[in-house]
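# Close look at the chain arrangement
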Amino acid sequence: MPEAVNVAVVGATGAVGETIMALLEERNFPSTTVTPLASKRTAGERIRHRGKELLVRNLEDFDFGDTQLALFTAGAAVSDVHAVRAAGAGCVVVDNTSRFRYDDDVPLVVPEVNPEALEQYRLRNIAANPNCTTIQIVMALKPIHDAVGLERINVCTYQSVSGAGKRGLEELARQTATLLNFGKIEPRVFPRQIAFNAVPHIDEFQDNGYTREEMKIVWEIQKILGADILVNPTAVRIPVFYGHSVALHVETAEALSAADARDLLERAPGVEVVDDPKSQAYPTPVSEAAGRDPVYVGRIRQDISHPRGLNLWVVADNLRKGAALNAVQVAERLVKDYF
């Protein structure tokens, strides 16, 4: 058992932060102390953890000098200041924001996919968590890439409102109730009505016509799996509370049958295959992903338009494997292999 460490969770009162706190307890993470941190707006609240009431402390005046590991999930602007401050104090940071993902000297890690990259954390005392959809995509594609190589990926994501945090969850619930009572809604969190709708707009539009959410998928897949892989993304917000879905259309370097791809995925760590069309077995956010840890893959089939094409449907809980669980797994590997 690794030596226990002092841990801080930054953004502990948010949707992902709450899940991190729960996972640290569920997985019996080797911690001496766990300190929940947040902005002054929610500092002073109490969180129950391992049978105790923990006081949420103010991040602004917290000294990281006696903390060996900090998990950050409070937004890029917060990490830009306080993750850097923590790392400078000797605390190792696992950052779950976009702040460091594209820095060449910060590893972008999914433990089942590229654990060897984690050693690079020593350069800045920081390791980065990929975007939620990237994690489930690379989990599904890694065994295929290792077997036959990937040339091009067309990806469409169908993302739940929890990806926008508690405010997103509240907006969907509020709009749904209002519309069912024949009321008039006014979008606040999302750019369009999200209830009973599909919105092809997540994050800001870039000069090339893609949104930043879509470009994150490109940058992160290429950083994790290889810069020579071509990626063409579309990201859509849908009225689902928890769980992101991804339609993957991939072109491999060498031909691979759907049956062989299924065999590879059935052996992949952290992946569960739900794929039996005859019995209508395929994964969905509600029936499989929500509240569970695996990445689920189904609808595995040949692309009828390309001799080296495969189609996959990939579903995962964006708050668990897509964010909190991956961060905790990175932290576990840091403690086990490097502390």
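Heads up: the structure comes first, above all this text.
Being a predicted model, the structure only gives us computed values, none of them experimental. (Residues numbered from 1 in each chain as written. Predicted model: local features only at pLDDT ≥ 70, side-chain atom pairs only at ≥ 80, totals over all residues. Heavy atoms only, no water.)

With that settled, the discussion passes to the pattern of salt bridges. Applying the stated criterion across every chain, the model contains 20 salt bridges. Among the ionic pairs, Asp-105 bridges to Arg-124, the shortest N-O distance being 3.0 Å. Here Asp-105, found in the loop between strand S7 (92–95) and strand S8 (126–128), pairs with Arg-124, found in the loop between S7 and S8; they are 19 residues apart in sequence, far enough to count as distant. The exposure class assigned to Asp-105 is partly exposed, which follows from its relative accessible area of 30%. For Arg-124, a relative accessible area of 25% translates into the label partly exposed. Residues Lys-336 and Asp-337 are paired through a salt bridge, measuring 3.5 Å at the closest nitrogen-oxygen approach. (Salt bridge = Lys/Arg side-chain N within 4 Å of Asp/Glu carboxyl O. Helix = DSSP H or I, 4+ residues; strand = E, 2+ residues; numbered from the N terminus. Buried < 20%, exposed > 50% of the residue type's maximum accessible area, 1.4 Å probe, protein only.)

Another aspect to go through is the packing of aromatic side chains. A full pass over the atoms with the stated rule returns five aromatic pairs. Centroid distance Tyr-102 to Trp-219: 5.1 Å. Interplanar angle 70°. Geometry classified as edge-to-face. A residue pair is termed long-range when its members are at least 10 positions apart, and Tyr-102 in the loop between S7 and S8 and Trp-219 in helix H5 (residues 212–225) qualify at 117 residues. Given the relative accessible area of 25%, Tyr-102 is considered partly exposed. Using a relative accessible area of 31% as the deciding quantity, one classes Trp-219 as partly exposed. (Phe/Tyr/Trp six-rings, centres within 6.5 Å; stacked < 30°, edge-to-face > 60°.)

A word on the packing of helix H3 (residues 132–148) against helix H8 (residues 320–337). The N-to-C vectors of H3 and H8 enclose an angle of 90°; their axes lie 8 Å apart at closest approach. It follows that H3 is roughly perpendicular to H8 by the angle criterion. Two secondary-structure elements touch here, H3 through Cys-132, Ile-135 and Met-139 and H8 through Lys-321, Gly-322 and Asn-326. (Axes fitted to C-alpha atoms, helices over the stretch in contact; angles between N-to-C directions. Parallel < 35°, antiparallel > 145°, perpendicular 65-115°, else oblique. Contact = heavy atoms within 4.5 Å.)

A few words on the packing of H3 against H5. In contact at an axis separation of 10 Å, H3 and H5 are set at 35° when each is read in the N-to-C sense. Two packed elements cross with a definite hand, and for H3 against H5 that hand is right-handed. Facing H3, whose interface residues are Thr-133, Thr-134, Ile-137, Val-138, Leu-141, Lys-142 and His-145, H5 presents Glu-213, Lys-216, Ile-217, Glu-220, Ile-221, Ile-224 and Leu-225. Residues of the contact of H3 with H5, tallied by class, amount to seven nonpolar, three polar and four charged. (Left-handed = near helix turned anticlockwise from the far one by under 90°. Nonpolar A, V, L, I, M, F, W, Y, C, P; charged D, E, K, R; others polar.)

What follows deals with helix H4 (residues 166–180). The terminal C-alpha atoms of H4 lie 21 Å apart, and with 15 residues this matches the ideal 21 Å at 1.5 Å per residue to within 8%. Listed in full, the buried residues belonging to H4 are Gly-168, Leu-169, Glu-171, Leu-172 and Gln-175. All buried residues of H4 project into a common sector of 160° when viewed along the axis, lining one side. (Expected span 1.5 Å × (residues − 1). Arc of directions from axis to C-beta.)

Below, the discussion takes up the pairing of strand S11 (residues 244–252). Here is the key point about a regular strand: its side chains alternate between the two faces of the sheet. Burial of S11 is extensive: eight of the nine residues sit out of reach of the surface. Note that strand S9 (residues 150–159) and S11 share eight bridges and pair antiparallel. Each bridged residue has a counterpart across the sheet, and for Asn-154 the counterpart in S11 is His-249. Bridge count between S11 and strand S14 (residues 309–316): eight bridges; the pairing is antiparallel. Bridge pairing links Leu-248 to Leu-312 in S14. (Pairing = 2+ DSSP bridges.)

Turning our eyes to something else, we now look at the sheet that holds S7. In spatial order, the strands read S5-S2-S1-S6-S7-S8; together these six strands make up an open sheet with parallel pairing. Looking at which strands have only one partner, the edges of the open sheet turn out to be strand S5 (57–58) and S8. Examined bridge by bridge, strand S1 (residues 5–10) and strand S2 (residues 31–38) share six bridges and lie parallel to one another. Residue Val-7 lies in a different strand from S2, and its bridge partner there is Val-34. Lying on the sheet, helix H2 (residues 76–88) is in contact with S1, strand S6 (69–72), S7 and S8; it crosses S7 at an angle near 155°.

To continue, consider the nonpolar core. Phe-64, Leu-141, Ile-153, Leu-225, Leu-248 and Leu-312 are the most contacted members of the largest nonpolar core, which has 56 residues in total. For this core, the element with the most residues is H3, which contributes eight residues. By size, the runner-up hydrophobic cluster in this structure holds 34 residues, among which are Val-9, Leu-24, Val-34 and Ala-127. (Core = buried A, V, L, I, M, F, W, Y, C linked by side-chain atoms within 4.5 Å.)

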